[in-house]
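# Descriptive analysis of the structure
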Amino acid sequence: MRIDVLTLFPEVFEPFLASSIVGRAVTSGLVEIACTNFRDFTHDKHRSVDDRPFSGGPGMVMMCGPVFDAVEHVSRGCEVEATKILLTPQGERLNQRIVSELSRDSHLVLLCGHYEGFDERIRLGLRPREISIGDYVLSGGEAAAIVLVDAVVRLLPGALGHEDGAANDSFSDGLLEHPQYTRPRTYRDMEVPEVLLSGNHAEIEAWRRRESIERTRDRRPDLLKESDGPNEHP
Ligand code: 6GU
């Protein structure tokens with residue numbers, strides 16, 4: 001997979017792209033990630049990427065020129081059309097289903113906006129998929145792009161370094177994950193549940209499923225209602 005991140009703040013991504021699961025996926029060649037600065041595609045001596053809105057109003061608007069040129073630059077020479085994603089609080093709210101869809105694409109181009117938003121002709125001309133990471137306002141799309149890259153890259157086959165991959169994650173089956181324990185068996189008078197020490201895999205599986213369902217009912221009953229597959233949670 002290739003991911004191009006278009007942003008005014010490429011330096012924000014450096015430590016993230018070099019660390020942990022994403023860093024290892026990059027090093028091992030599972031994904032190639034490049035950051036491109038819109039400011040390298042400006043046409044005036046001030047290197048402007050934004051301007052005041054027509055007919056007034058507060059704030060500044062991202063201009064068409066640098067955005068179209070940057071997208072065309074990173075798309076040049078690619079046979080398959082990239083999936084263009086505009087990070088915006090006005091987009092569809094990101095969830096694991098969307099992440100999973102995106103993880104099957106070969107080229108993602110992420111557009112991170114700033115200021116009051118993008119000139120509407122960027123939407124009309126590029127027809128990007130618009131994605132939000134939740135119902136709150138960030139000062140720019142960078143933090144949202146980091147969230148999206150992390151969630152997508154860890155689904156690439158081989159990224160997690162163990163066979164099961166993401167199969168057991170919260171949300172992968174529409175449920176939150178069951179509790180986990182590691183050594184020691186007793187810590188400050190708190191014991192690891194006996195069943196997990198039993199070695200009985202069928203019982204352990206049944207316990208985990210019950211815990212998953214109970215945890216989802218307690219914390220996120222909306223997930224049980226929303227279940228959009230043939231899922232049954234007895
Ligand atoms: Cl993608 N961008 C901004 N600026 N704010 C957000 C967001 C994105 N998602 C939630 N809030």
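Residues numbered from 1 in each chain as written. Predicted model: local features only at pLDDT ≥ 70, side-chain atom pairs only at ≥ 80, totals over all residues. Heavy atoms only, no water.

## Section: the site of the ligand
Defined as follows: Proximity criterion: a residue is near a molecule or strand once any of its heavy atoms comes within 4 Å of it. In protein, a polar contact means a hydrogen-donor-capable atom and an acceptor-capable atom, both N or O and within 3.5 Å, with residues adjacent in sequence counting only if both atoms are side-chain atoms; elsewhere, any N or O pair within 3.5 Å suffices. The method behind every accessible area is Shrake-Rupley, applied with a 1.4 Å probe, and residues are considered shielded solely by the protein chains displayed. Strands are runs of DSSP state E lasting at least two residues, helices are runs of H or I lasting at least four, and both sets are numbered from the N terminus onward. Any residue that is not Ala, Val, Leu, Ile, Met, Phe, Trp, Tyr, Cys, Pro, Asp, Glu, Lys or Arg is counted as polar, Gly included; the first ten are nonpolar and the last four charged.
The local shell around the ligand consists of Leu-87, Thr-88, Pro-89, Ile-131, Ser-132, Ile-133, Gly-134, Tyr-136, Leu-138, Gly-140 and Ala-144. Measuring from a nitrogen atom of the ligand, one finds a backbone N or O atom of Tyr-136 at 2.5 Å. Measuring from a nitrogen atom of the ligand, one finds a backbone N or O atom of Leu-138 at 3.0 Å. Isolated, the ligand exposes 290 Å² of accessible area, and the fraction of that covered by the protein chains is 96%. Per element, the largest residue contribution to the shell around the ligand is three residues, and it comes from strand 5 (residues 83-93). Here the shell around the ligand is composed, by residue class, of seven nonpolar, four polar and no charged.

## Here we look at the side chain of Thr-216
For clarity, the cut-off: We call two residues in contact whenever any of their non-hydrogen atoms come within 4.5 Å of each other.
Here Thr-216 lies in helix 7 (residues 201-219). Excluding its chain neighbours within four sequence positions, the residues that come into contact with Thr-216 are Gly-174, Leu-175, Leu-176, Pro-221, Leu-223 and Leu-224.

## Topic: the pairing of strand 6 (residues 107-112)
Formally: With a 1.4 Å probe rolled over the protein chains alone, any residue whose accessible area is under 20% of its type maximum counts as buried; one over 50% counts as exposed, and the rest are partly exposed. Note on pairing: two strands pair once DSSP finds at least 2 bridges between them. Seen with its strands pointing away from the viewer, a crossover is right-handed when the path leading from the first strand over the helix to the second is clockwise.
By the criterion of burial, strand 6 is predominantly enclosed, with six of the six residues buried. Inspection of the sheet shows strand 5 paired to strand 6 by five bridges, in the parallel sense. Note that in strand 6 the partner of Thr-83 across the bridge is Leu-108. Remark: the strand 5/helix 4 (residues 96-102)/strand 6 crossover connection has right-handed handedness.

## A closer look at helix 2 (residues 20-27)
Stated precisely, the cut-off is as follows: Directions are taken from the helix axis to each C-beta atom, and the arc is the one they span.
For helix 2, the set of buried residues is Val-22, Gly-23 and Ala-25. In an axial view of helix 2, the angular spread of the buried residues amounts to 160°, which keeps them on one side of the axis. Exposed and oriented more than 90 degrees from the buried face of helix 2 are Ser-20 and Thr-27. Where the residues of helix 2 are buried, they touch helix 1 (14-17), strand 2 (32-37) and helix 6 (142-153).

## Looking at the domain arrangement of the protein chain
Rule in force here: Domain start and stop points were drawn from an automatic or database domain assignment.
Parsing the protein chain into structural domains produces domain 1 (2-153) and domain 2 (170-226). On a C-alpha basis, the centres of domain 1 and domain 2 stand 37 Å from each other.

## A closer look at the pattern of salt bridges
We count it as follows: Salt bridge, as applied in this entry: a Lys or Arg side-chain nitrogen positioned within 4 Å of an Asp or Glu carboxyl oxygen.
Taken as a whole and judged by the stated rule, the model has 14 salt bridges. For Asp-40, the salt bridge identified is with Arg-47, shortest N-O distance 3.1 Å. Of the residues examined, Arg-47 reaches a relative accessible area of 38% and is grouped as partly exposed. The salt bridge involving Glu-101 is made with Arg-129; its shortest N-O contact spans 2.9 Å. Placement of Glu-101 in helix 4 and of Arg-129 in strand 7 (residues 129-132) is noted, with a sequence separation of 28 residues between them.

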